[in-house]
Amino acid sequence: TFAASGLTTIIIPDRVTSIGMYAFIGCNSLTSVTIHDNVNTIGEGAFSNCSSLKSITIGKKVAKIESRAFEYCAALTECYSYASTPPKISNLYEEQKNSATLYVPIGCGSAYKSSAWKYYFDKIVEMEE
């Protein structure tokens, strides 16, 4: 377990290309995560059990989010994905449909709504620019 008590914000820098399995599991103080554009994969369970996590920002190049990456993140209210092609996901989290809103690039709403993302977010909204 990555025990970083008091860690409230994580910004994954541009030089990182993937986030490993269970990298930030159980960071209960974590409220926001920003994943910059060069990350292409978010590993299995990477942010699992981050019970205070409210906001996730996913960069443009993320192509795959592995199983249970955001499992047991019950406080999640908003997710921003800047990828124009919906990243491949499966079992994003165990619960079906989160009340969180997924914000996607303008013109990409229908692609996200017809992908697996529709099983995890009640609301998929195109971002204003």
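Reference entry: report on the structure contained in this document.

So, how was this worked out
Residues numbered from 1 in each chain as written. Predicted model: local features only at pLDDT ≥ 70, side-chain atom pairs only at ≥ 80, totals over all residues. Heavy atoms only, no water. Helix = DSSP H or I, 4+ residues; strand = E, 2+ residues; numbered from the N terminus. Rg over C-alpha atoms; globule rule 2.2 N^0.38 Å. Buried < 20%, exposed > 50% of the residue type's maximum accessible area, 1.4 Å probe, protein only. Contact = heavy atoms within 4.5 Å. Areas by Shrake-Rupley, 256 points an atom, 1.4 Å probe, with all protein chains shown as cover. Lys, Arg positive; Asp, Glu negative; His and termini not counted. Charge placed at Lys NZ, Arg CZ, Asp CG, Glu CD. Pairing = 2+ DSSP bridges.

## A few points about the overall build of the protein chain
Consideration 1: Scanning the protein chain from N- to C-terminus turns up 1 helix and 10 strands.
Consideration 2: For the protein chain, the α and β elements follow one another from N to C terminus as β-β-β-β-β-β-β-β-β-α-β.
Consideration 3: Radius of gyration (C-alpha) of the protein chain: 13 Å, near the 14 Å computed for a compact globule of 129 residues.
Consideration 4: Counting only C-alpha atoms, the protein chain reaches 40 × 30 × 25 Å along its principal axes.
Consideration 5: Counting only residues that meet the buried cut, the protein chain has 41% of its 129 residues in that class.
Consideration 6: Looking at the protein chain alone, contacts between residues at least 24 apart form 33% of all its contacts between residues at least 6 apart.
Consideration 7: Accessible surface, the protein chain as shown: approximately 6,400 Å² in total, 49% of it carbon and sulfur.
Consideration 8: Side-chain charges in the protein chain split into 11 positive and 12 negative, and the spacing between the mean points of these groups amounts to 3 Å.

## Some remarks on the side chain of Thr-101
Consideration 1: Structurally, Thr-101 can be placed in strand 9 (residues 98-104).
Consideration 2: Sequence-distant contacts of Thr-101, defined by excluding residues within four places in its chain, comprise Thr-77, Glu-78, Cys-79, Phe-121, Lys-123 and Val-125.

## Comments concerning the sheet that holds strand 2 (residues 18-19)
Two modes of strand pairing occur in sheets, parallel and antiparallel, and in both the strands are linked by backbone hydrogen bonds.
Consideration 1: What the 4 strands build is an open sheet, ordered 2-4-6-8; its pairing is parallel. Where the open sheet ends on each side, the last strands, each with one partner, are strand 2 and strand 8 (88-89).

## Topic: the side chain of Ser-48
Consideration 1: Turning to its location among the elements, Ser-48 is positioned in the loop between strand 4 (41-42) and strand 5 (55-58).
Consideration 2: Beyond its immediate chain neighbours, meaning those up to four positions away, Ser-48 contacts Phe-24, Ile-25, Gly-26, Arg-68, Ala-69, Glu-71 and Tyr-72.

## Here we look at unusual backbone geometry
Consideration 1: You will see that Asn-49, though not glycine, has its phi angle at about 65°, which is positive.
Consideration 2: Its location among the elements puts Asn-49 in the loop between strand 4 and strand 5.
Consideration 3: At Arg-68, a residue that is not glycine, the phi angle is positive and equals roughly 55°.

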